[in-house]
Amino acid sequence: MEKTATPTFKHIGSKLLNWYQKNARDLPFRQTKDPYKIWICEIVFQQTRINQGLNHYNNFIKRFPDVKTLAEAEENEVLLYWKGLGYYSRAINIHRAAQQIMNDYHGTFPHEYEEILKLKGVGKYTAAAVSSICFDGKIPAVDGNFYRVLSRIFADDFDISNSRAFNYFSELAHLILPDNVGDFNQAMMDLGSEICKPKNPLCGECPLHEDCLAFSLNKISEFPVKTKKVKAEDLSLKYYFVHRNGKFLIQQRKDDFIWKKLFEFPPVISDELISFIKSVKTVNHKLTHKNLSIEIFNVEVDSEDIWKDFIAENNFIVTDVEGSHERSFPKPLENYIQNYDTAYRIL
DNA sequence: AACCCGGGGAA
DNA sequence: TTCCCAGGGTT
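Given the structure is predicted, the values throughout are model-derived calculations rather than measurements. (Residues numbered from 1 in each chain as written. Chains lettered and ligands numbered in written order. Predicted model: local features only at pLDDT ≥ 70, side-chain atom pairs only at ≥ 80, totals over all residues. Heavy atoms only, no water.)

Q: Could you give an account of the protein's contact with DNA strand B, with specific residues and numbers?
A: Residues in contact with DNA strand B amount to 23 residues; listed here are only the nearest, Arg-49, Ile-258, Trp-259, Thr-288 and Lys-290. Put simply, 56% of the atoms of DNA strand B that lie within 4 Å of the protein are in sugar or phosphate. Note that a base nitrogen of DNA strand B is positioned 3.1 Å from one of the side-chain N or O atoms of Thr-48. Within the side chain of Lys-290, a nitrogen or oxygen atom sits 2.7 Å from a phosphate oxygen of DNA strand B. Across the surface near DNA strand B, the residue classes tally to seven nonpolar, ten polar and six charged. (Near = heavy atom within 4 Å. Polar contact = N/O pair within 3.5 Å; in protein donor to acceptor, adjacent residues only side chain to side chain. Nonpolar A, V, L, I, M, F, W, Y, C, P; charged D, E, K, R; others polar.)

See below:
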């Protein structure tokens, strides 16, 4: 029998680590192995570019420097610090997970991958990242960067929109996994972000271009393969900006559908209020999966009795521009309040 | 396994 | 416009 040499790819992981030593991005959470800070940064930067979330991360750590502080905070304040970041269930889950750590782990962040995985809002990627960076866990933190880098290195056309992609590319990652998995995981993120970019990758500067099959085949643009297309559907919303003497009415959304637990204007009004409608403004707002058309009616209430009745019947919260800064609003409503503030100051 | 959930920047 | 980003939860 003729023996065929089993191909080994460990040198790729070594090259990547060498590159990372000299080219690691200087980020605030790179100076620490505090699992709390690493956990927070992993959640903040889920589906979020570094530049977009950096201020949120810094402000969040400054206000909630440790698990106990976060666990004891009000959920609405956590949501306030998440304002504008999107995917608001992350804020709700991050708060609950902090309480989980206090109650189930006596305030000490769990060290084991399987335990970290039990935290609300922590999936396989985040558990692997925290485990490897903070506790020398040997698990690749497979994310969009891994899909892209590995599919190009091996010229692998496995569909990354397939639900088995995570397990598939986890196995590929193990082929090149070095001993220092924490640095390896972060190196993959930096390589994917700065060199092996989705469009116009800088292959000439890539430390792995000699090992990259897609590059050698001149087929970089064909990887990764992603078949599933995201289609945004149209959705119309109506809000009534019910105000009187600089005060206006809001309520808190449920924790389902969009904008979980954020605040909003009344979506309906009583018949008595209809005569107080002064104008309407239509705002178009694009979400990833929805094209929103929001009609916001300006309702200036001239009757103290009707104002009070409407509040009492619906348990609305009375606030003003100043008070609204303590609540988290969806972007388009935040903008509307800002415009109202400007107009109101002029009057 | 399929679908849902934000917002912003790059091309 | 389109794509996609340090993904996870729900059904």
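Q: Please provide a residue-by-residue account of the protein's contact with DNA strand C, values included.
A: Taken together, 26 residues are adjacent to DNA strand C, and Phe-29, Phe-45, Gly-121, Thr-126 and Arg-148 come closest. Across the atoms of DNA strand C situated within 4 Å of the protein, the share located in sugar and phosphate is 62%. In this structure, Gln-46 approaches DNA strand C through a side-chain N or O atom, which is 3.4 Å from a sugar or linking oxygen. Between a phosphate oxygen of DNA strand C and a side-chain N or O atom of Asn-145, the distance comes to 3.2 Å. Mapped onto the surface near DNA strand C, the elements with two or more residues apiece are helix 2 (35-44), helix 8 (124-135) and helix 9 (144-153). Looking at the surface near DNA strand C residue by residue, the class counts come to eight nonpolar, eight polar and ten charged. (Helix = DSSP H or I, 4+ residues; strand = E, 2+ residues; numbered from the N terminus.)

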